[in-house]
Amino acid sequence: MQRLKTTFLLALLTVLMVTMGQALGGRSGMMMAFVLALGMNFFSYWFSDKIVLSMYGAKEIGPQDHPTFYNLVRNLAARAGLPMPKVYIIPSDSPNAFATGRNPEHAAVAATEGILRILSPEELEGVMAHELAHVQNRDILVGTIAATFAGAISMIGNMLQWGAMLGGGRSDDEEGGGIGGLVGSLAMAIIAPIAAMLIQMAVSRSREYLADASGAEICGRPLALASALRKLHMASQALPMQEARPATAHMFIVNPLTGGGVMQLFSTHPPMEERIARLEQMAVRR
């Protein structure tokens, strides 16, 4: 169901981009924005692992540095049928973890010092299985595709705003936009990028649900992952990650940023209560 939801959301982004492109000036305007966004996100996709690991001061470890943690990841990777990823530890007391890398052959998983201290071995196994599920499901690629479409829509929106202010607001089928065309172009330029961002966040939430389910299958302990999520949610609120950035918040197993109410629409993570409830239901069905 989550895979179908992701496909639907990406299709919705495509339709939105085509509609925006037609409003801008047909296929050429749409393709120009798409190529620009693709170029920007291609760099991010190819080098995101190095960038984000460096951003958080992550240190690569081997079996001799932290044998328990390293062997836990190695056993889970073997169970999931994945190549052994690089393993990193982040020097932060705030408990969290993430996975990165453009494909399973170039993947890395990272955990903070804080998460290694507060979780039991079974809970830590559930967390790392969740991260390996992101690798298995190629979520970095999916996220990059969503970001590319959302970025292209945002660029088209900016072009439409400038065009409207400079007297544009015409499509291929119109000779003159007038006041109606101007208002319509401005409305689309403002609303469409917001809609694209909401869809992009929905894609991220969908992939988190999928990683929870896949991770529980990999480790075989849905309740251990549910217990870990409950602990991490409480601990991360009590001890937030000061160095966390909005651009990388979606990568972590629990959102390092806080926000409630309307901001939940823009959250990259589903409600924690719902994630835990789904894992508990999964345990009952096993």
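Residues numbered from 1 in each chain as written. Predicted model: local features only at pLDDT ≥ 70, side-chain atom pairs only at ≥ 80, totals over all residues. Heavy atoms only, no water.

A. Here's a closer look at the packing of helix α3 (residues 67-80) against helix α5 (residues 121-136). Look at α3 against α5: their axes get within 10 Å of each other, and the N-to-C directions meet at 50°. With respect to α5, the element α3 is oriented oblique. Considering only the axes of α3 and α5, their crossing is right-handed. Of the residues in α5, those in contact with Phe69, Leu72, Val73, Leu76, Ala77, Arg79 and Ala80 of α3 are Pro121, Leu124, Glu125, Met128, Ala129, Leu132 and Gln136. Taken together, the residues of the contact of α3 with α5 break down into eleven nonpolar, one polar and two charged. (Axes fitted to C-alpha atoms, helices over the stretch in contact; angles between N-to-C directions. Helix = DSSP H or I, 4+ residues; strand = E, 2+ residues; numbered from the N terminus. Parallel < 35°, antiparallel > 145°, perpendicular 65-115°, else oblique. Left-handed = near helix turned anticlockwise from the far one by under 90°. Contact = heavy atoms within 4.5 Å. Nonpolar A, V, L, I, M, F, W, Y, C, P; charged D, E, K, R; others polar.)

B. Looking closely at the environment of Ala247. Considering the arrangement of structural elements, one finds Ala247 in the loop between α8 (222-238) and α9 (272-285). Put simply, Ala247 and Val52 are 195 residues apart on the chain and 9.8 Å apart in space, counted from C-alpha to C-alpha.

C. A look at the UniProt feature "active site" (unreviewed entry) in the protein. This chain's UniProt record puts "active site" (unreviewed entry) on Glu131. Along the polypeptide, Glu131 turns up in helix α5. Judged by relative accessible area, Glu131 falls into the buried class, the value being 0%. Every residue in contact with Glu131, bar those within four places of it in the chain, is listed here: Ala97, Phe98, Ala99, Val109, Met251 and Ile253. (UniProt positions renumbered as here; feature names shortened; annotations may be inferred. Buried < 20%, exposed > 50% of the residue type's maximum accessible area, 1.4 Å probe, protein only.)

D. Representation of the side chain of His134 in the model. In this structure, His134 sits in helix α5. Setting aside its immediate chain neighbours within four residues, His134 contacts Ala99, Asp139, Arg207, Glu208 and Ala211.

E. Geometry of unusual backbone geometry. For Arg138, which is not glycine, the phi dihedral falls at a positive 55°. Here Arg138 is to be found in the loop between α5 and α6 (139-165). You can call Arg138 partly exposed: its relative accessible area is 40%.

F. Structural context of α9. If you check α9, its first and last C-alpha atoms are 20 Å apart, about what 14 residues at 1.5 Å a residue would give, namely 20 Å. Turning to α9, its buried residues are Met272, Arg275, Ile276, Leu279 and Met282. The buried residues of α9 occupy an angular sector of 120° when the element is viewed end-on, so they sit on one face. Among the exposed residues of α9, those oriented more than 90 degrees off its buried face are Glu273, Val284 and Arg285. (Expected span 1.5 Å × (residues − 1). Arc of directions from axis to C-beta.)

G. Summary view of the environment of Ile115. Tracing the chain through its elements places Ile115 in helix α4 (residues 113-118). Taking relative accessible area as the criterion, Ile115 reaches 0% and is therefore assigned buried. Along the primary structure Ile115 and Ser92 are separated by 23 residues, whereas in three dimensions their C-alpha atoms are 9.0 Å apart. Those residues within four positions of Ile115 in sequence are excluded, and the remaining contacts are Pro95, Asn96, Ala97, Leu124, Val127 and Leu232.

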